[in-house]
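# Results of the structural survey
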Amino acid sequence: MKDHSLALKLSAGFGFLFLYAPIVALIIYSFNESKLVTVWGGWSLKWYVELFRNEQIMNAAWVSLKIAFISATLASILGTIAGFVLSRMGKFRGKTMMAGWVTAPLVMPEVITGLSLLLLFVAMESMFGWPAGRGMTTIVIAHTTFCLAYVAVVVQSRLSSMDETLEEAAMDLGAKPVSLFFLITLPLIAPAILSGWLLSFTLSLDDLVIASFVSGPGNSTLPMVIFSKVRLGVTPEINALATLMILVVSIAVIAAIFLMRRQNRFQNP
Amino acid sequence: MRLGRWFVILMPMLWLAAFFFIPFLVVFKISLSEAMIAVPPYSPLLEWDPSNAYATLKVTFGNYLFLFESRFYLDAYLSSLRIAAVSTFFTLIIGFPIAYLIARSGPMARTILLSLVILPFWTSFLLRVYAWMSLLKKNGLVNDTLMSLGLIDQPLQILQTDVAVYIGIVYTYLPFMILPLYTTLEKMDMSLIEAAKDLGAKPWRAFCSVTLPLAKPGIIAGCLLVFIPAVGEFVIPSLLGGSDTLMIGRVLWDEFFLNRDWPLASAVAIIMLIVLVGPIMFMRNGNKEAM
């Protein structure tokens, strides 16, 4: 079946060029000696050195990494439960509503999510005195909420594409629901949870809008620092930072794909 | 075990209720109050009068009236919808051939091409928008290339125009279009196209009367996944757009952070939500078919 016409290849090729040209340009300019981003001054690593000397960026990166780690972990736990409930627990009252609540954060414009969470936190603080002020806790709660949705979708699609015979066999052999989950289901969906965790981690590291709403003074995340720097004027060390982040993410994505493929081979030998 | 079952079901439900659903009620409540110089900067909904132990409900629709009376907000909503619609259209035009090519490739090429689509989606959204800033500048790569090809002799002003916003939205949301399209195209039975060709249909005719209708669920899902978040976009118009690029997400941001009018910002959000409820419900129902 060869129907890859030249027109199709050309238009898809244009699409891929469009996807990658900016990223490639960014990587090349990160090695530029010149301070002017568009003028080529020869190869150099000096913006990488500048980057690691920049305390504001390094602090923000540390804050972001901590937040991303905690939110991704919480979101993986809650999201796995949600995905499991939606695909393995049969019918129960409120299931349709739960399915709606789980997928809605995926499409909700970020400004609305951010604004509503901040107003909730302010109202909660005046009513119960918690959370006192805003900072890491509130950002973690916000990120967990929208990452949970992604984990739930990934886990749910994995569970629904997987047949239930192993679980039924274990049940026939007398496994209790709790041990059934931890001994059979969890190991089977572990790669999906891991890729959900990685996705949540990068989504949390990446989020600017929601974090801007729910963060307090002194808790700027990396995207917030990048945004203010980029708005004020182009700083070449951002190119170096971007290149490093692309490198790390590429490795993570390749690892995730590798894991999923191994899992698939195990499932359908 | 009934108790354990309900405990498991309730855990994510309670979290989502507390941090996703109830916040909208809070936004709605605050949109009905008045802005005040206080902490928090809005009037309370219930006013307690200690002398006669009555609580009076204080509700104002002033914020909503203001939104409808002022030309500025109406224009912002309309221009957001326009920008999102045009961008969604171009995302579809660029995304379709890619999704089609992937769906028709062999297993190995499919994995590689699919990863190439997903990779940019995993890299920082903000940094990808920033990458376009340096490409689209007066002395950026795009202008340099066009000039050296002799297509233009003056650098074009692309950055800080609506065109740059279109490019930014199409670029960052492209994977959201390609993935659902790919999912439906992959499931498509190719013998139908062959049958159409055997019956004498030209490729274009076969595409329009066979491929396109079969891809419809994917097209709808992809368009909604791009359109809904694009309407509220804040980062792209503020980095790539000009001062005259009017988008409601940016208006809400300014109302909240610069003017510090929380009740008005809440009303802006509620109206935006109402405008998007239709597409979001549609998305939820269409989801089951396409994903």
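Looking at an unreviewed UniProt entry, chain A carries the name ABC transporter permease subunit, with the source organism given as Marinomonas maritima. Annotation of chain A in UniProt includes, under Sequence similarities (unreviewed entry), the sentence "Belongs to the binding-protein-dependent transport system permease family. CysTW subfamily." The UniProt entry for chain A carries the following text under Subcellular location (unreviewed entry): "Cell membrane".

### Points about the packing of aromatic side chains
Inspection of every chain in the model, using the stated rule, returns 29 aromatic pairs over all chains. Measuring from centroid to centroid gives 5.5 Å for Phe 213 of chain A and Trp 253 of chain B, while their planes differ by 75 degrees, and the two rings are edge-to-face. Remark: Trp 253 of chain B occurs in helix H12 (residues 248–257) and Phe 213 of chain A occurs in helix H9 (residues 209–214); the pair is interchain, linking two chains. Among the residues examined, Phe 213 of chain A registers a relative accessible area of 2% and is labelled buried. By relative accessible area, which is 10% here, Trp 253 of chain B ends up buried. With 5.1 Å between their ring centres and 80 degrees between their planes, Phe 256 of chain B and Phe 257 of chain B make a pair best called edge-to-face. On the accessibility criterion, Phe 256 of chain B (2% relative accessible area) is buried. Judged by its relative accessible area of 27%, Phe 257 of chain B is partly exposed. Through a chain of ring-to-ring contacts, three or more aromatic side chains come together here, namely Phe 213 and Phe 227 of chain A together with Phe 234, Trp 253, Phe 256, Phe 257 and Trp 262 of chain B. The aromatic ring of Tyr 100 of chain B is capped on one face by Arg 104 of chain B, whose charged end is 6.0 Å from the ring centroid.

### Digging into the packing of helix H3 (residues 55–88) of chain A against helix H1 (residues 2–31) of chain B
One way to put it is that H3 of chain A packs onto H1 of chain B with a least axis distance of 9 Å and a crossing angle of 120 degrees. Considering their axes alone, H3 of chain A and H1 of chain B lie oblique with respect to each other. For the pair H3 of chain A and H1 of chain B, the sense of crossing is left-handed. Residues Leu 78, Ile 81, Ala 82 and Val 85 of chain A of H3 of chain A form the contact with H1 of chain B, whose own contacting residues are Val 8, Ile 9, Met 11, Pro 12 and Trp 15 of chain B. Residue composition of the contact of H3 of chain A with H1 of chain B, by class: nine nonpolar, no polar and no charged.

### Side note on the interface of chain A and chain B
Contact with chain A, which involves 85 residues of that partner, is made by 85 residues of chain B. Between chain A and chain B, a total of about 7,900 Å² is buried, with carbon and sulfur atoms accounting for 83% of that surface. On the chain A side of the interface with chain B, the three residues burying the most area are Phe 18, Trp 101 and Val 107 of chain A, jointly 9% of the side's total. At the surface where chain A touches chain B, the tally comes to zero salt bridges. Counting residues per element, the side of chain A that touches chain B draws most heavily on helix H1 (residues 6–30) of chain A, at 15 residues.

Here is what the cut-offs are and how they apply
Residues numbered from 1 in each chain as written. Chains lettered and ligands numbered in written order. Predicted model: local features only at pLDDT ≥ 70, side-chain atom pairs only at ≥ 80, totals over all residues. Heavy atoms only, no water. UniProt positions renumbered as here; feature names shortened; annotations may be inferred. Phe/Tyr/Trp six-rings, centres within 6.5 Å; stacked < 30°, edge-to-face > 60°. Helix = DSSP H or I, 4+ residues; strand = E, 2+ residues; numbered from the N terminus. Buried < 20%, exposed > 50% of the residue type's maximum accessible area, 1.4 Å probe, protein only. Lys NZ or Arg CZ within 6 Å of the ring centre and 35° of its normal. Axes fitted to C-alpha atoms, helices over the stretch in contact; angles between N-to-C directions. Parallel < 35°, antiparallel > 145°, perpendicular 65-115°, else oblique. Left-handed = near helix turned anticlockwise from the far one by under 90°. Contact = heavy atoms within 4.5 Å. Nonpolar A, V, L, I, M, F, W, Y, C, P; charged D, E, K, R; others polar. Buried area = accessible area lost by both parts, 1.4 Å probe. Salt bridge = Lys/Arg side-chain N within 4 Å of Asp/Glu carboxyl O.

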